Amino acid sequence: MFYQKHFPYMKTYEDGNGALLYTIYYEDGQIVTFKEMTPCAEIINFCDLDMTEYISILDDFKQTEYSEERYDDLCKMAWDIVDWLKDKHRCSYFFTSYGLSDILCHPITSEMSIDESFMSNLKRQHITDAQKHLEEVITIHEIFIYGLKICLDKENMPARHVSEKLMDFFNRYPQFMTFTLPTGYALYKTDEEEHLYMTEQDGDKLSVISYVIIERLSEMFYYEFMRIMQNGRQIKRCKNCGKYFVLMDNRKREYCDRVFKDGKRCSEIGHTNTYKNSLGDEQSPLKIAQTLYNKLYSRMDRARSKLPDELTDKDMTEEEFAAWSDLYSSARTDYKSGRISGREFIRLIWRD
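Residues numbered from 1 in each chain as written. Predicted model: local features only at pLDDT ≥ 70, side-chain atom pairs only at ≥ 80, totals over all residues. Heavy atoms only, no water.

What follows covers the environment of Glu318. Relative to the elements of secondary structure, Glu318 occurs in helix H10 (residues 318-336). The sequence separation of Glu318 and Tyr297 amounts to 21 residues, and the corresponding C-alpha distance is 9.1 Å. Excluding anything up to four places from it in sequence, Glu318 contacts Met300 and Arg304. (Helix = DSSP H or I, 4+ residues; strand = E, 2+ residues; numbered from the N terminus. Contact = heavy atoms within 4.5 Å.)

Right under this line is the structure:
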């Protein structure tokens, strides 16, 4: 017995490097493929979305009183809500837009009565179903935010075993206890780097690989969620951008590989940004102290190239700087621990 797929749907494969390959099949025969280079990026990026604006415009839609005269305007409101996802999360937009299309563009067949009463009720039902469909995005968002935090966040309840955390998730959302996804097998050709390419003919390197069929947004995120679990991975929040990322090994990592600014990745500039942010604004004691440290270090460095009789009162010997640096470190520790005020900290270390 063959599984009857509903268009459009996705087939999901995993290549030799652990990246996911998503192939979308449309009813008109079109096929689109994209590769998820960062492991399980779709669920993580979705859960990191700030849905405040989406919820606000959805509430406006739900609170707009229905009338047949407003039907077209209400349909437009529904599509505007879906469009909010367009540039923020491609897979959410894909599933939500096609789901809404099925609701609002359902064809009228000859078997249906087309009297005015029937059409009026059908339109009202369209709007009700559209509201439920768009609300489901919020529900899915809440479910998997909870799943990532409870089951996979390395820094959340580290003493508890992963299996215990997973049972917490299932107890809260029992519908996922028996959640299943249809699977299949396909021939794929691999290149020297073990990348996958679909093939319909024989070749030197052919692999029979399994795939999963995904037809709904909840299925896609559950699949990625369980893949992280099955691979024994955990996630944590990047200390630079604040977003989740998957820990691919046992090395201690604090920053993700997302491009943050000016083409630089968090892993490249995270340490510098974290340190700068810890200093506070320009008038904070730590910022003033750091500026003073840099100035006195420059004086000491400049004095290294001078003879003793060439030194001025603006120069600082290595011995003088070392003594001041010890005072600076001690006072900085006292200030950060709250033993002295910011004013006292600056008074102790200040040098003209």
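This paragraph deals with the pattern of salt bridges. All chains considered together, the criterion is met by 11 salt bridges. With a closest N to O distance of 2.6 Å, Lys62 and Glu135 form a salt bridge. With Lys62 in helix H2 (residues 52-63) and Glu135 in helix H5 (residues 116-152), this pair connects stretches of sequence that are 73 residues apart. With relative accessibility at 36%, the residue Lys62 sits in the partly exposed group. (Salt bridge = Lys/Arg side-chain N within 4 Å of Asp/Glu carboxyl O. Buried < 20%, exposed > 50% of the residue type's maximum accessible area, 1.4 Å probe, protein only.)

Our focus in this paragraph is the packing of H5 against helix H7 (residues 217-230). Interaxial distance between H5 and H7 falls to 11 Å at its minimum, and their mutual angle equals 5 degrees. Regarding the angle of H5 to H7, the classification is roughly parallel. For the pair H5 and H7, the contacting residues are Ile140, Phe144, Gly147, Leu148, Cys151 and Leu152 in the first and Leu217, Ser218, Phe221, Tyr222, Phe225, Ile228 and Met229 in the second. For the contact of H5 with H7, a count of residues per class yields 11 nonpolar, 2 polar and no charged. (Axes fitted to C-alpha atoms, helices over the stretch in contact; angles between N-to-C directions. Parallel < 35°, antiparallel > 145°, perpendicular 65-115°, else oblique. Nonpolar A, V, L, I, M, F, W, Y, C, P; charged D, E, K, R; others polar.)

With that settled, the discussion passes to the packing of aromatic side chains. Summed over all chains, the structure comprises 28 aromatic pairs. For the ring pair Tyr328 and Phe345, a centre distance of 6.5 Å and an interplane angle of 40 degrees mean the geometry is tilted. With Tyr328 in helix H10 and Phe345 in helix H11 (residues 342-349), this pair connects stretches of sequence that are 17 residues apart. The pair formed by Tyr328 and Phe345 is uniform in burial state, with each residue classed as buried. Aromatic rings pair up to connect Phe46, Phe144, Tyr146, Phe169, Phe170, Tyr173, Phe176, Phe179, Phe221, Tyr222 and Phe225 into one cluster. Taking NZ or CZ as reference, Arg237 lies 3.9 Å from the ring centre of Tyr244, over its face. (Phe/Tyr/Trp six-rings, centres within 6.5 Å; stacked < 30°, edge-to-face > 60°. Lys NZ or Arg CZ within 6 Å of the ring centre and 35° of its normal.)

Moving on, we get to a nonpolar patch on the surface. A contiguous nonpolar surface patch, about 360 Å² in accessible area, is contributed by Tyr185, Leu187 and Val208. Val208 sits in the exposed class, given a relative accessible area of 62%. (Patch = residues over 30% accessible without salt bridge, like charges linked within 9 Å, V, L, I, M, F, W, Y side chains within 5 Å. Areas by Shrake-Rupley, 256 points an atom, 1.4 Å probe, with all protein chains shown as cover.)

This part is about the pairing of strand E3 (residues 31-36). Judged from the 6 bridges that link them, strand E2 (residues 20-25) and E3 form a sheet pairing that is antiparallel. Bridge pairing links Leu20 to Glu36 in E3. Linking two consecutive strands that pair antiparallel, namely E2 and E3, is a turn of 5 residues; a positive phi of about 95 degrees is found at Gly29 within it. (Pairing = 2+ DSSP bridges.)

All right, on to the layout of surface pockets then. There is about 560 Å³ of room inside the largest pocket. Along the walls of the largest pocket sit 21 residues, with Phe95, Tyr98, Gly99, Asp102 and Glu215 positioned nearest its centre. If you list the elements that add at least two residues to the lining of the largest pocket, you get helix H4 (90-104), H5 and H7. The biggest single contributor to the lining of the largest pocket is H4, with 7 residues. Its residues placed into classes, the lining of the largest pocket shows 10 nonpolar, 5 polar and 6 charged. Contributing to the lining of the second largest pocket are 20 residues, with Thr38, Phe245, Val246, Cys256 and Asp257 lying nearest its centre. Of all elements in the fold, only helix H1 (41-47), strand E8 (244-247) and helix H8 (266-279) reach the threshold of two or more residues within the lining of the second largest pocket. In terms of residue count, the dominant contributor to the lining of the second largest pocket is E8 (4 residues). Grouping the amino acids of the lining of the second largest pocket by side-chain chemistry returns 11 nonpolar, 4 polar and 5 charged. (1 Å grid on protein atoms, 1.4 Å probe; cavity = no way out; pocket = protein on both sides within 12 Å on 5 of 7 lines; lining within 4 Å. Points joined across faces, edges and corners; volume = space filled by probe spheres on them.)

As defined by bridge partners, strand E7 (residues 234-237) adjoins E8 across 4 bridges and the pair is classed as antiparallel. Bridge pairing links Lys236 to Phe245 in E8. Taking the residues between adjacent antiparallel strands as the criterion, E7 and E8 are bridged by 6 residues, where Gly242 takes a positive phi near 80 degrees.

This part covers the nonpolar core. In this structure, Met10, Tyr54, Phe144, Phe169 and Phe225 are the most contacted members of the largest nonpolar core, which totals 63 residues. Per-element tally for this core: the top contributor is H5, with 12 residues. The contacts of Met10, once residues within four sequence positions are left out, are Tyr22, Thr23, Ile24, Phe34, Cys91, Phe94, Phe95, Val212, Ile213, Ile214 and Met220. Formed by 14 residues, the second largest nonpolar core is a distinct cluster that contains Met300, Phe321, Tyr328 and Ile349. (Core = buried A, V, L, I, M, F, W, Y, C linked by side-chain atoms within 4.5 Å.)

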